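Okay, here's what each chain looks like letter by letter:
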Amino acid sequence: MATIDCLVDTSPMAREIDKVSAHVDGTTTAVVAMQTAVCKAQKDAADDVCANVNRGFYALMHSQLSQKIAKWKSDVDATLMQLNQQRRQLTGIRTRMEHDYGLLTARYSKLFGTLNRALRRRVYELDKAAFKFAVTEIDTIENRGKQLTATVPVSQTESLSTSQKIMASNLKHRAAHLLEVMKTFLTGLGEQKILTAKVLINHGIDQPEKAEYIPVIIWEGVAGRDEGSLQHIVMSRSKLSERSCQTITNSLTMTDIRLPWTQYPAPVDPRVRESFNSLMAKFDASPRVKETMARLFSGTSFQTLQSR
């Protein structure tokens, strides 16, 4: 078999291979850059999705709480208006019943008083002799015996000393009784003066009516973005009756009060922060919810009433 030696020039192929190598290096660089951009895009997309999910969850919870607060507020207001209306009706009924009771009492007292006097006169006329003897004659006989204890029809020398002793004894007895009555009267008069001095005041009253100041705490909170603010009224119930507290609450809630709220310059009171942390420790929730609540509490600003 014949052998043919040929000389082939490989320089063009080498140049082309060099070009291909350069293109492969560029492609590798582009793939690495694309992979980096894809990873960054995936991370940004995941962060955006998490942020949207968190925002949607917070908005959903806020909306549900706001709806429940608005519903409860409307129910409480409706119940309060109904109770106030029933209270006014019951007050009117009680006033009418008291007036009617007073009229009936006066009418029947006068009627039964007239009947009692008429019956007394009739019974007295039926047995007039017995009543006259029991009321007039018996008293006269008893008084005569008392008044003439030491009087005797004949005063002899033997009985004169005895009669004088009896009269002196009767006089002493009456004098002792008189002194006892005077002592009782003076003692009662002194006790009455002491009691009157304790009850009455020493100075006169210039004004028949005087204003009394009662401390009342009004605090206001925001229920929701669309519901507005809610006012809460707190007062001391140890010195006030339930009716007085209800009257004060109604006067404050039914009147259009413009409270001058201003930004509270001082930081959150440590006692409030300690109470919040204690509630957070007892609250059964996930760490993420607790962290969100703590962040909202830290970013919350307080307002206070402007002093007048």
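Our subject in this report is the structure included herewith. All figures in this text were calculated on a predicted structure; none of them were measured in a lab. (Residues numbered from 1 in each chain as written. Predicted model: local features only at pLDDT ≥ 70, side-chain atom pairs only at ≥ 80, totals over all residues. Heavy atoms only, no water.)

**With respect to the overall build of the protein**
- When helices and strands are counted, the protein shows 6 helices and 4 strands.
- Sequence-ordered secondary structure for the protein, helices as α and strands as β, is α-α-α-β-β-α-β-α-α-β.
- Looking at the protein as a whole, 6% of its 308 residues qualify as buried.
- The long-range fraction of contacts in the protein, counting pairs at least 24 apart against all pairs at least 6 apart in sequence, stands at 53%.
- As presented, the protein carries roughly 27,400 Å² of accessible surface, and 62% of it is formed by carbon and sulfur atoms. (Helix = DSSP H or I, 4+ residues; strand = E, 2+ residues; numbered from the N terminus. Buried < 20%, exposed > 50% of the residue type's maximum accessible area, 1.4 Å probe, protein only. Contact = heavy atoms within 4.5 Å. Areas by Shrake-Rupley, 256 points an atom, 1.4 Å probe, with all protein chains shown as cover.)

**Section: the environment of Ile217**
- Assignment of secondary structure puts Ile217 in strand β1 (residues 216-224).
- With a relative accessible area of 53%, Ile217 lands in the exposed category.
- Sequence spacing of Ile217 and Met235 is 18 residues, and the spatial spacing of their C-alpha atoms is 6.2 Å.

**Structural notes on the packing of aromatic side chains**
- In the structure shown here, the tally under the stated rule is 2 aromatic pairs.
- Relative to Phe297, the ring of Phe276 has its centre 4.1 Å away and its plane inclined at 10°; by these criteria the two rings are stacked. One end of the pair, Phe276, is in helix α5 (residues 270-282); the other, Phe297, is in helix α6 (residues 287-298), with 21 residues separating them in the sequence. There is no split in this pair, since Phe276 and Phe297 are both buried. (Phe/Tyr/Trp six-rings, centres within 6.5 Å; stacked < 30°, edge-to-face > 60°.)

**Considering the pattern of salt bridges**
- Within the structure shown, the criterion is met by 4 salt bridges.
- Of the charged contacts in the structure, one is a salt bridge between Lys40 and Asp44, with a shortest N-O distance of 3.1 Å. Placement of both Lys40 and Asp44 in helix α1 (residues 11-126) is noted, with a separation of 4 residues, approximately one turn of the helix.
- With a closest N to O distance of 3.2 Å, Lys43 and Asp47 form a salt bridge. Here the residue Lys43 and the residue Asp47 both occupy positions in helix α1, the gap between them amounting to 4 residues, near one helical turn.
- By relative accessible area, Lys43 is classed as exposed at 53%. (Salt bridge = Lys/Arg side-chain N within 4 Å of Asp/Glu carboxyl O.)

**A word on the packing of α1 against helix α4 (residues 242-253)**
- At their nearest, the axes of α1 and α4 sit 13 Å apart, and the two run at 130° to each other. By the angle class used here, α1 and α4 are oblique. The chirality of how α1 crosses α4 is left-handed. On α4, the residues touching Leu80, Asn84, Arg87, Thr91 and Arg94 of α1 are Arg243, Gln246 and Asn250.
- When the residues that make up the contact of α1 with α4 are grouped by side-chain class, the tally is 1 nonpolar, 4 polar and 3 charged. (Axes fitted to C-alpha atoms, helices over the stretch in contact; angles between N-to-C directions. Parallel < 35°, antiparallel > 145°, perpendicular 65-115°, else oblique. Left-handed = near helix turned anticlockwise from the far one by under 90°. Nonpolar A, V, L, I, M, F, W, Y, C, P; charged D, E, K, R; others polar.)

**Comments concerning a positive patch on the surface**
- On the surface, Arg87, Arg88, Arg94 and Arg243 cluster together to form a positively charged patch.
- When residues of the positive patch are assigned to their parent elements, the largest contribution, 3 residues, is made by α1.
- Relative to the elements of secondary structure, Arg88 occurs in helix α1. (Patch = residues over 30% accessible without salt bridge, like charges linked within 9 Å, V, L, I, M, F, W, Y side chains within 5 Å. Lys, Arg positive; Asp, Glu negative; His and termini not counted. Charge placed at Lys NZ, Arg CZ, Asp CG, Glu CD.)

**So, the packing of α5 against α6**
- Contact geometry of α5 with α6 gives a least axis separation of 11 Å together with a crossing angle of 165°. As judged from the angle between their axes, α5 and α6 are roughly antiparallel. Seen from above, α5 lies across α6 with right-handed handedness. For the pair α5 and α6, contact is made by Val272, Arg273, Phe276, Met280 and Ala281 and by Lys290, Met293, Ala294 and Phe297, respectively.
- Its residues placed into classes, the contact of α5 with α6 shows 7 nonpolar, no polar and 2 charged.

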